Amino acid sequence: MDGEQLSSLRSPILTTLKNRSHNNNNVTTQTKTHHRKTAAGKPNHQNGGFFTNAAFTKWGTNELLTVLTNHQIPCFLSIALFFFMWVEYTLHMISPSSPPFDIGFIATKRLQMILASNPDLNNVLAGLNTVFVAMQTGYILWTWLIEGRMRATISALFMFTCRGILGYSTQLPLPQEFVGSGADFPVGNVSFFLFYSGHVAAAVIASLDMRRLKRMEMAHVFDALNILQIVRLLASRGHYTIDLAAGIGAGFLFDSLAGMYVQSKNKVGPVTNGNGVNR
């Protein structure tokens, strides 16, 4: 072969080798770039990179002052958390042979003595409390049967069903100083669940419904009567304090659950009464 033929053969070979080398360099460069990006995207635990975007790293004096001035309730609850942790870990537990400690019973000790020594007064107050229970029941049924709104009734059904389950699951002893009355509801001194108070929960449910419809005067009356009911139930030892507090919470909880139930049904098709008011 002469020089021209060798040169013609080398050219394609050299071109091919150069292309391969160029492609390999591109692949290597892309791989290095990818690794750098991946490494940059991963948090550097050794250098504290994991907390780089954490919210608390951006807090300063202004943020802390804003919390203290605009969020007093969470600040108070934070203090209460640590206070009651201290109380819980330092108190002496009640022995099995002792009666339960109830701060509501201590606060109403004199009222309990008055009711115990005056059966007629106890019967009158029990009868008035039963009238208030009838008012609660009547209003809740009215909202459904007359106004066509189901939320309060569904809330009461939720509440009493859950009360039955919990009341049967944990049966607390009747307080030793219990002052019963034949005029009380349930009428006739029959047995009843202590936890939680259906009297209080139903009153809360009715009051919340009144507020939704801007019946504020009625709601205020029900709230005042509910407070008197709570004092009377403590004084007669018809409920422990925790039963009454849980009854208030149950009223709010089951009203909210009933609201979610009604809202879920409205997504299928609007459920309203004749006046277009949401049920």
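We now turn to the structure provided with this report. Bear in mind that the values here come from a model prediction, so they are computed numbers and not experimental data.

**Quick word on the overall build of the protein chain**
Per the secondary structure count, the protein chain includes 10 helices and 0 strands. Written out in order from the N terminus, the α and β elements of the protein chain read α-α-α-α-α-α-α-α-α-α. By the burial criterion, 27% of the 279 residues in the protein chain qualify as buried. Put simply, 75% of the contacts in the protein chain that link residues at least 6 apart link residues at least 24 apart.

**Brief notes about the packing of helix H8 (residues 198–212) against helix H9 (residues 216–235)**
Where H8 contacts H9, the axes come no closer than 8 Å and their chain directions differ by 165 degrees. Taken together, the axis directions place H8 and H9 in an arrangement best described as roughly antiparallel. Crossing hand, H8 versus H9: left-handed. Where H8 abuts H9, its residues His199, Val200, Ala203, Val204, Ala206, Ser207, Met210 and Arg211 lie against Met216, Met218, Ala219, His220, Phe222, Asp223, Asn226, Gln229, Ile230 and Leu233. When its residues are assigned to classes, the contact of H8 with H9 shows 11 nonpolar, 5 polar and 2 charged.

**A look at the pattern of salt bridges**
This structure, assessed with the given rule, holds 10 salt bridges. The salt bridge partner of Glu147 is Arg149, with a shortest N-O separation of 2.6 Å. Here Glu147 and Arg149 have matching classes, each one buried. The closest approach of N and O atoms between Asp223 and Arg211, which form a salt bridge, is 2.7 Å.

**Some points on the nonpolar core**
Among the nonpolar cores identified, the biggest contains 17 residues, and Ile140, Met159, Ala206, Met210 and Ala250 are the most heavily contacted of them. Put simply, the parts of the chain that give this core at least two residues each are helix H6 (119–145), helix H7 (151–169), H8, H9 and helix H10 (241–268). Looking at which element gives the most residues to this core, the answer is H8, with 6 residues. Ignoring anything within four residues of it in the chain, the contact list for Ala206 reads Tyr139, Ile140 and Phe222. With 8 residues, the next largest nonpolar core counts Phe105, Val200, Tyr240 and Leu244 among its residues.

**As for unusual backbone geometry**
Omega for the peptide link from Phe195 to Tyr196 comes to -5 degrees, which places this bond in the cis form. Looking at the element boundaries, Tyr196 is found in the loop between H7 and H8. The phi dihedral of Lys214 falls on the positive side, at around 60 degrees, and the residue is not glycine. Mapped onto the elements of the fold, Lys214 is located in the loop between H8 and H9. Look at Arg237: it is not a glycine, yet its phi comes out positive at around 60 degrees. By the element assignment, Arg237 lies in the loop between H9 and H10.

**Side note on the side chain of Ser181**
In this structure, Ser181 sits in the loop between H7 and H8. Classification of Ser181 as buried rests on a relative accessible area of 2%. Within polar-contact distance, the side chain of Ser181 engages the side chain of Asn123 at 2.6 Å. Within the structure, Ser181 has its side chain in polar contact with the backbone nitrogen of Ala183 (distance 3.2 Å).

The rules we used
Residues numbered from 1 in each chain as written. Predicted model: local features only at pLDDT ≥ 70, side-chain atom pairs only at ≥ 80, totals over all residues. Heavy atoms only, no water. Helix = DSSP H or I, 4+ residues; strand = E, 2+ residues; numbered from the N terminus. Buried < 20%, exposed > 50% of the residue type's maximum accessible area, 1.4 Å probe, protein only. Contact = heavy atoms within 4.5 Å. Axes fitted to C-alpha atoms, helices over the stretch in contact; angles between N-to-C directions. Parallel < 35°, antiparallel > 145°, perpendicular 65-115°, else oblique. Left-handed = near helix turned anticlockwise from the far one by under 90°. Nonpolar A, V, L, I, M, F, W, Y, C, P; charged D, E, K, R; others polar. Salt bridge = Lys/Arg side-chain N within 4 Å of Asp/Glu carboxyl O. Core = buried A, V, L, I, M, F, W, Y, C linked by side-chain atoms within 4.5 Å. Polar contact = N/O pair within 3.5 Å; in protein donor to acceptor, adjacent residues only side chain to side chain.

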